[in-house]
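Architecture and fold: a report
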Amino acid sequence: TAAGKFRSRIIETMELAATTPVFLWAISPNHRLPDDQIEVGLAALESWIVRRTLLQMTSKDLNKLVVALLKALASVNVNRAGFEIRAFLSQQTAHTREWPSDEKFIAEVGSKRLYGHIKQNRIAVVLRAVEEYKRSQDSRYGDVPLPASMSIEHVMPQKWREHWRTSPPFTPEQEQQRDRALHTLGNLTLIPQSLNS
């Protein structure tokens, strides 16, 4: 369910228990949110969190944001609550609350050094969600689930100089470019067991 994915990905794996009050508000039988509005609202909050995490933006204002969001939700029509969560997040302009646009996210995420700067379980939850989405778009995968435990590996080895010699040799600028790409999202993948072990 949308609620189960949010709890697993954001509250547990991303370790953002500060989002729990909004999560509980959305799924509470007291509020009777329709399933589609729970999905819209939690997907918006997940997107806000994942984008900010991958772009390494601060989360120091998250507690205050959650309180402000709950206040905004106090008087909304439950049949539009998910849309209201999305609208609230998209209206934030302060750097500590900004929801990165598609354009900003796409422009910046590819150059961010993630491995070593963000906890591996947080990177893994994003890679897993991408893999699950890609599988859902291709009927060849059917209902084959991903293994429960996956390991992050580098596509281009961390010690690429030892294993990937080039002829002719790289220039110093080309080596620096390769080094910059080493720990970025595009060079990371999930596999069922650690290759290093």
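Structure first, text after, so check above.
Scope of this entry: the structure provided in the associated data block. (Residues numbered from 1 in each chain as written. Predicted model: local features only at pLDDT ≥ 70, side-chain atom pairs only at ≥ 80, totals over all residues. Heavy atoms only, no water.)

**Here's the deal with the environment of R97**
Here R97 is to be found in the loop between α5 (81-90) and α6 (102-109). C-alpha separation for the pair R97 and S111, spaced 14 residues apart in sequence, amounts to 22 Å. (Helix = DSSP H or I, 4+ residues; strand = E, 2+ residues; numbered from the N terminus.)

**What to know about helix α4 (residues 62-73)**
For α4, with 12 residues, the first-to-last C-alpha span of 16 Å sits near the 16 Å given by 1.5 Å per residue. When we look at burial in α4, the residues that qualify are L62, L65, V66, L69 and L73. All buried residues of α4 lie within an arc of 100° about the axis, which places them on one face of the element. Turned more than 90 degrees away from the buried face of α4, the exposed residues are N63, K64 and K71. (Expected span 1.5 Å × (residues − 1). Buried < 20%, exposed > 50% of the residue type's maximum accessible area, 1.4 Å probe, protein only. Arc of directions from axis to C-beta.)

**Structural notes on the packing of α4 against α5**
Relative to each other, α4 and α5 sit at 135°, their axes nearing to 10 Å. The angle between α4 and α5 places the two elements in the oblique class. Both α4 and α5 take part in a crossing whose hand is right-handed. When α4 is examined against α5, the residues L65, A68, L69, A72 and L73 are found in contact with a partner set consisting of A81, E84, I85, F88 and L89. (Axes fitted to C-alpha atoms, helices over the stretch in contact; angles between N-to-C directions. Parallel < 35°, antiparallel > 145°, perpendicular 65-115°, else oblique. Left-handed = near helix turned anticlockwise from the far one by under 90°. Contact = heavy atoms within 4.5 Å.)

**Thoughts on the nonpolar core**
If you look at the biggest cluster of nonpolar residues, it comprises 44 residues, and the most contacted ones within it are W48, L54, L89 and I152. For this core, the elements supplying multiple residues, two or more each, are α1 (2-13), α2 (20-27), α3 (35-54), α4, α5, α6, α7 (120-136) and β2 (188-191). If near-sequence neighbours (up to four positions away) are discounted, L89 is found in contact with A44, L45, W48, L65 and W99. (Core = buried A, V, L, I, M, F, W, Y, C linked by side-chain atoms within 4.5 Å.)

**Observations concerning the packing of α2 against α3**
At a closest axis distance of 10 Å, the pairing of α2 and α3 adopts a crossing angle of 170°. With respect to their mutual orientation, α2 and α3 come out roughly antiparallel. Taking contact as the criterion, the partners of V22, F23, A26 and I27 in α2 are, on α3, I38, L42 and L45. Counted by class, the contact of α2 with α3 contains 7 nonpolar, no polar and no charged residues. (Nonpolar A, V, L, I, M, F, W, Y, C, P; charged D, E, K, R; others polar.)

**Considerations on the pattern of salt bridges**
For the coordinates displayed, the defined rule picks out 14 salt bridges. The shortest N-O distance in the salt bridge between R9 and E46 comes to 2.9 Å. Note that R9 is positioned in helix α1 and E46 in helix α3, a separation of 37 residues in sequence. Exposure class is identical for R9 and E46. Each is buried. (Salt bridge = Lys/Arg side-chain N within 4 Å of Asp/Glu carboxyl O.)

**Here we look at the side chain of R51**
Summarising the element assignment, R51 is placed in helix α3. When neighbours within four sequence positions are excluded, R51 is seen to be in contact with W99, P100, S101, D102 and F105.

**Quick word on the side chain of S28**
Note on placement: S28 falls in the loop between α2 and α3. Among the residues examined, S28 registers a relative accessible area of 14% and is labelled buried. Within the structure, S28 has its side chain in polar contact with the backbone nitrogen of N30 (distance 3.1 Å). (Polar contact = N/O pair within 3.5 Å; in protein donor to acceptor, adjacent residues only side chain to side chain.)

**Overview of the layout of surface pockets**
Of the voids in this model, the largest pocket is the one considered here, and its volume is about 690 Å³. Lining the largest pocket are 23 residues, and of these R9, E46, A129, V130 and Y133 lie nearest its centre. Put simply, the parts of the chain that give the lining of the largest pocket at least two residues each are α1, α3, α6 and α7. Of all the elements, α3 adds the most residues to the lining of the largest pocket, at 8 residues. At 4 residues, the largest contribution of residues to the lining of the second largest pocket is made by α3. (1 Å grid on protein atoms, 1.4 Å probe; cavity = no way out; pocket = protein on both sides within 12 Å on 5 of 7 lines; lining within 4 Å. Points joined across faces, edges and corners; volume = space filled by probe spheres on them.)

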